[in-house]
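Listed below, chain by chain, are the residues.
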Amino acid sequence: MKYSLYPGCAGEATAKEALWATRSVMASLGMDVTENPAYSCCGAGDVDEEDPELEITLNARNFALAEKEHRDIVLICNTCLLTMLKSQKKLAENQTVFRQVNNDLAQIGLEYTGQVRVRHLLWVLRDDIGLETLKALVKIPLGNVTIAPFYGCHIVRPSDVIADDKEPDFLGRLIRACGAREADYQDKYNCCGFHILLNDQATSLKMTQRCLLHAQSAEADMLVTPCTLCHLSLDGYQKAANQSGQAQIPVLHLAQMVGLALGIEPRALGLNKNLIGVGKHLLERRE
């Protein structure tokens, strides 16, 4: 398989460590990956509120760039995933929009045919690499560590767009494949609060705090999320959310967890950039 890594705005700015870790993991797994510097922001659903056609066109342009290279788009942000899949759905269901968008793209020498697949790194690890292969490649099992999965909204819903129900618990299975224990708790499919942060910070922080508290109640040593924006809430805003003085809990990006199990050096995974440090005591507990 050939992949085109789409970093997303967070991966290029506020969560660069997620992008570094993803590059390291994909290289370690021998994946054929390119990065296209011409990619633009997906619009994150915000552009859609002002100009729906513009957001669709922005994404169709990204799709066309990937199609020229005959590669799947692989991304590390749940919001990018949902936004792109929504655009694909609208293009597939409305031929008038499809033709208009391609008329616009023709002015810059591009065409969207509808062939490109938009895929999350989590799905690629599951469907292309496979759990058994990953298990066999683990060099330093994350033994004696309990990790709570946090999926984030936009990789599991809405069902009319995110029609991926093969293994809704795959992140938990991946945690176990990396040698760690999975902490099962009620908030793993809930919202982290990120998308209302600027509009209603108090409610957003309460949502973040709830997820963290319940993970700690399940005796998790750390969390892992496949979404850069969820990570921003759970890691970047954790201190603000911890109003009751509870202990801090590290939050890993998906690629950081997999990279640690593959034996990649923590610094190459950007662990030194996480605001809530993993700590030597947790790293030393790996088998």
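Note that the structure is predicted; figures quoted are calculated from it, not measured.

**Student:** Would you mind going over the environment of L131 with me for this structure?
**Tutor:** Along the chain, the position of L131 falls in helix α8 (residues 131-137). As for L131 and R173, which are separated by 42 residues in sequence, their C-alpha atoms are 8.2 Å apart. Not counting the four nearest positions on each side in its chain, L131 is found in contact with F170, R173, L174 and A177.

**Student:** Help me understand the side chain of D235 in this model?
**Tutor:** Turning to its location among the elements, D235 is positioned in helix α11 (residues 228-236). Here D235 sits buried without a salt bridge, and the closest side chain of opposite charge, K239, lies 8.6 Å off (N-O distance). Here the side chain of D235 touches I276 through a polar contact of 2.9 Å, landing on its backbone nitrogen. The residues contacting D235, other than those within four sequence positions of it, are V251, N274, L275 and I276.

**Student:** So what exactly am I meant to see when it comes to the sheet that holds strand β7 (residues 222-225) here?
**Tutor:** Consider a sheet: its strands pair through backbone hydrogen bonds, and that pairing is either parallel or antiparallel. Here four strands make up an open sheet; going across it, the order is β6-β5-β7-β8 and the pairing parallel. Edge positions in the sheet fall to β6 (181-182) and β8 (251-253), since each has one partner strand and no second. Here strand β5 (residues 146-149) pairs with β7 via three bridges, running parallel. By the bridge assignment, A148 is partnered in β7 with L223.

**Student:** Mind showing me how you'd approach helix α10 (residues 201-217) here?
**Tutor:** Side chains of residues three or four places apart in an α-helix project in the same direction, reflecting 3.6 residues per turn. Here α10 contains 17 residues, and its C-alpha end-to-end distance of 24 Å stays within 8% of the 24 Å for a straight helix at 1.5 Å per residue. Those residues of α10 not exposed but buried are S204, L205, T208, Q209, C211, L212 and A215. Angular distribution of buried residues about the axis of α10 spans 160°; they occupy a single face of the element. With respect to the buried face of α10, the exposed residues turned more than 90 degrees away are A202, K206 and S217. Elements in contact with the buried residues of α10: β5, β7, α11 and α12 (238-241). Looking one or two residues past α10, E219 carries a phi angle of roughly 65°, positive in sign.

The rules we used
Residues numbered from 1 in each chain as written. Predicted model: local features only at pLDDT ≥ 70, side-chain atom pairs only at ≥ 80, totals over all residues. Heavy atoms only, no water. Helix = DSSP H or I, 4+ residues; strand = E, 2+ residues; numbered from the N terminus. Contact = heavy atoms within 4.5 Å. Buried < 20%, exposed > 50% of the residue type's maximum accessible area, 1.4 Å probe, protein only. Lys, Arg positive; Asp, Glu negative; His and termini not counted. Salt bridge = Lys/Arg side-chain N within 4 Å of Asp/Glu carboxyl O. Polar contact = N/O pair within 3.5 Å; in protein donor to acceptor, adjacent residues only side chain to side chain. Pairing = 2+ DSSP bridges. Expected span 1.5 Å × (residues − 1). Arc of directions from axis to C-beta.

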